[in-house]
Each structure stands twice: as structure tokens, then as C-alpha cells.
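Notes for the structure review
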Amino acid sequence: MDRGRQPRAAARLFGRIGWSVYAAALVFALAVLVARPDLRPSWQDAWFLPSMGLSVLGWLVLGIAFGALHEAWHWLAGRAVGVPATFRVSYRGMYIVYETDLTQIVAVPRDRRHGVYLAGMAVEVVVVAVALGLRMIVPPGLLDDLLAAVILFRVVAIVWQWAALPLRSDSYALLANALRCHNLYRTTWLTVKNRIFRLTEAEAAELAASGARDRDMARWFALLYVAGMAVMVWLFLTVMLPLMVSLAQWGVERLLSGQVGSAAFWEAIAVTAYVALRIGLPPAAGLPRTAAPPRRRTPLAPGRAVRDPDRVLVARRQERRQAAARRVMRGCMVTR
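Now for a quick tour of the structure. In this text the structure is predicted, and so the values were computed from the model without any measurement. (Residues numbered from 1 in each chain as written. Predicted model: local features only at pLDDT ≥ 70, side-chain atom pairs only at ≥ 80, totals over all residues. Heavy atoms only, no water.)

**Description of a nonpolar patch on the surface**
Spelled out, the test is: The patches reported here contain residues having more than 30% relative accessible area and no salt bridge. Joining distances are 9 Å for like charges and 5 Å for nonpolar side chains (Val, Leu, Ile, Met, Phe, Trp, Tyr). Residue burial considers only the protein chains on display, and all accessible areas are found by Shrake-Rupley using a 1.4 Å probe. A pair is scored as a salt bridge if a Lys or Arg side-chain nitrogen falls within 4 Å of a carboxyl oxygen belonging to Asp or Glu. Note on conventions: DSSP H or I runs of at least 4 residues are helices, E runs of at least 2 residues are strands, and numbering of each starts at the N terminus. Each residue gets one of three labels from its accessible area relative to the maximum for its type: buried under 20%, exposed over 50%, partly exposed in between, using a 1.4 Å probe on protein chains only.
The grouping of Val233, Phe236, Leu237, Met240, Leu241, Met244 and Val245 at the surface amounts to a nonpolar patch, some 560 Å² of accessible area in total. If you trace the backbone, Met244 turns up in helix H9 (residues 212-257). For Met244, a relative accessible area of 35% gives the class partly exposed.

Here you go:
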């Protein structure tokens, strides 16, 4: 594909018309959810296939599809503002992950970065709006159940993005960029710790050395952190916990009622092994390992979406200071 035309082609999705479509989809989705209580998502909608085992497999397929869509939209938004972003599919353990490298976005003016951070959630909103519209016209059945599951998972994903500020989600990157902060995450953490506990000398020096604007914003940004954690707990109690309990009950019933070696028995074994790996592998993946080049890795739904320019900015400033110190020591004059 002609690289010179890629930004112009991608920009069509993120111009005035594109963002008008995203805004209209948001308004439509909210209006339907308010006016039609029967279309509001519920954790029971996750069981959209006749068997819970098949539904769990369906979660995996939906997660792969919409995870790719989410990341592809970030990639397109990056191309739209001229960032040479890269997008690839990789894996970590048993997980398929999508990597969107947007580290060079720091070279783009801050006002032009907002759309890149919002792009993933924007396309999620369109998916929810389309699914709601289809549910209003299709009769009850398998398709309606599938659309209900899509709405549930995409709504959870959107809410998670706004709640997971402590996890440096897309919304964190958006707010940090809009507030023109350089390391809001770290400054907020040190501010909160200073109010509750006592900082070490190194931490106190780090907080004092942080930018004045970061310290000012951190004083109230901590409230958003607390609110975000409360929403994440609410999501766990209202969606994830009921799903896990119902799945566990189903597995126990299948194991106790089915004969050893029967299809029902092996289905329950397979689902149990899959869920155990899903729960157990993330801590294992987080164990210390050889450092890799900084790259954004996003697990499947709900997923963690971290697109944080803070570390890149700090690293680049340190590199520039070190380079300047080396030039002075060599007695060289370098003109940029």
C-alpha cells in the first residue's frame, strides 16, 4: 500500500464526519439503554449458547475479534495524525495479544493526540449502538442472544477503560494528555502515599522534583483513582463474580452427574482447565523476565488498555540530558 496515502485514508475515519458518527452512536446507545430496560446488559447475557462450555468458547472468539478491532482503530487513528504506528498480532502464553506501537506520538502536538487515545472506545461505542439497533428489530433467538452478549462485553470493556485509571488505561492516557501532565500516574501515587503513609527520602525527593502542574493535578486526580477502583469492584461483584459462580456450579453438576469419559464429563474438564489457565497465567506472565522493547500489549476483553506517554517522555528527557552531558565533556558544540 502507498504509505503516502495511508494517513489521508485513515483521516477519513477521524475527521468531523467520523467523530460526528461516533458521537451519534453514543447518544443513540444511551437513549436506547435508558428507554428500553429490557435491552440493558446483564451478566446472564454471557450464556448466549445452549451450553455453558460453548459459551465460554464463544467468549474467546468474541474477545479475539473485538480486541483486534479495538487495537486496529488505535492504529488507524495514529496513522491519521501521521504517526508511523505499527500493529501486529503476537501471543503471551496461551493468550493472543495485539500490539500497537504508538511511542512516536510524543512528537505530535498534544491537541492532536486526543483522538488516538479515544479511537478504541469510539469504535466500541459504534459496535454497541449497532447491536442495540439490531436487537430492536430481530426476533428472539440465537442471533438476539449473540447480540446481547456482544453488548454486555463491549459495555463492560468501555466502563473498564474509564474505571481502570490506576492501570493506565486509554482514559488515563487521554486525561494525562488533556491536563498537560508529564508523569501524572507516578505523582498521584506518591501524593496518595504521602497522605496515608510516610515517603522514603528518595520518594520525597522524586515528588519534590516532579512538575508543579503534575503535583497540582495529583491532589484531585487521586479522587478519580479511588472512584475508578470502586467501579472496578462493582464490575467484579455484578458481572465477573456471578459468572464465575454460575460456571463453577455448572462444572460441578456436569462432573457429578456425567459418567467418566462421557462428552459432558470431558466438556466440564476442558472448561475447568481453560478457566484455570485464564486465571493462573496472568500472574505467571507477570513474573520477572528479560526486558523487551517498550510496546503496548493488550489482553482480550475486558482487557487492559495502556497507552501511556509518561514513561516515553521521561525516558526521552533523560536521554537528552545524558547526550548533552556527553557533548559538554567532549567539548563539542552541536547545533540542532
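What follows continues from the structure just given.
**Notes on the pattern of salt bridges**
One pass over the full model with this rule turns up seven salt bridges. Linking Asp38 and Arg36 is a salt bridge whose minimum nitrogen-to-oxygen distance equals 2.8 Å. Exposure remark for Asp38: the relative accessible area of 48% places this residue in the partly exposed category. Put simply, Glu203 and Lys193 hold a salt bridge, and the shortest N to O gap is 2.9 Å. With Glu203 in helix H8 (residues 201-209) and Lys193 in helix H7 (residues 184-196), this residue pair connects regions lying 10 residues apart in the sequence. Classification of Lys193 by relative accessible area gives partly exposed; the value is 21%.

**Some details on helix H4 (residues 114-135)**
The condition is simple: Here a helix's expected span is defined as the number of its residues, less one, multiplied by 1.5 Å. Fitting axes to the seven residues ending at a residue and to the seven starting there, one defines the bend at that residue as the angle between these axes.
Taking 1.5 Å of rise per residue, 22 residues should cover 32 Å, and H4 covers 32 Å from first to last C-alpha, within 8% of that figure. Within H4, the axis deviates most sharply at Gly120, by approximately 40°.

**Notes on the packing of aromatic side chains**
The description of an aromatic ring pair rests on the distance of the ring centres and on the angle between the ring planes. The criterion, for reference: Only the six-membered ring of Trp is used, alongside the rings of Phe and Tyr, when aromatic pairs are assigned; centres must lie within 6.5 Å, and planes under 30 degrees apart are stacked while those over 60 apart are edge-to-face, with the rest tilted.
Here the structure, examined in full by the defined rule, presents 10 aromatic pairs. Measuring from ring centre to ring centre gives 5.4 Å for Phe221 and Tyr225, while their planes differ by 65°; the resulting arrangement is edge-to-face. With a gap of four residues between them, Phe221 and Tyr225 both fall in helix H9, about one helical turn apart. Note on accessibility: Phe221 and Tyr225 belong to one class, buried. A connected cluster of aromatic rings, assembled from ring pairs, spans Tyr172, Tyr185, Trp220, Phe221 and Tyr225.

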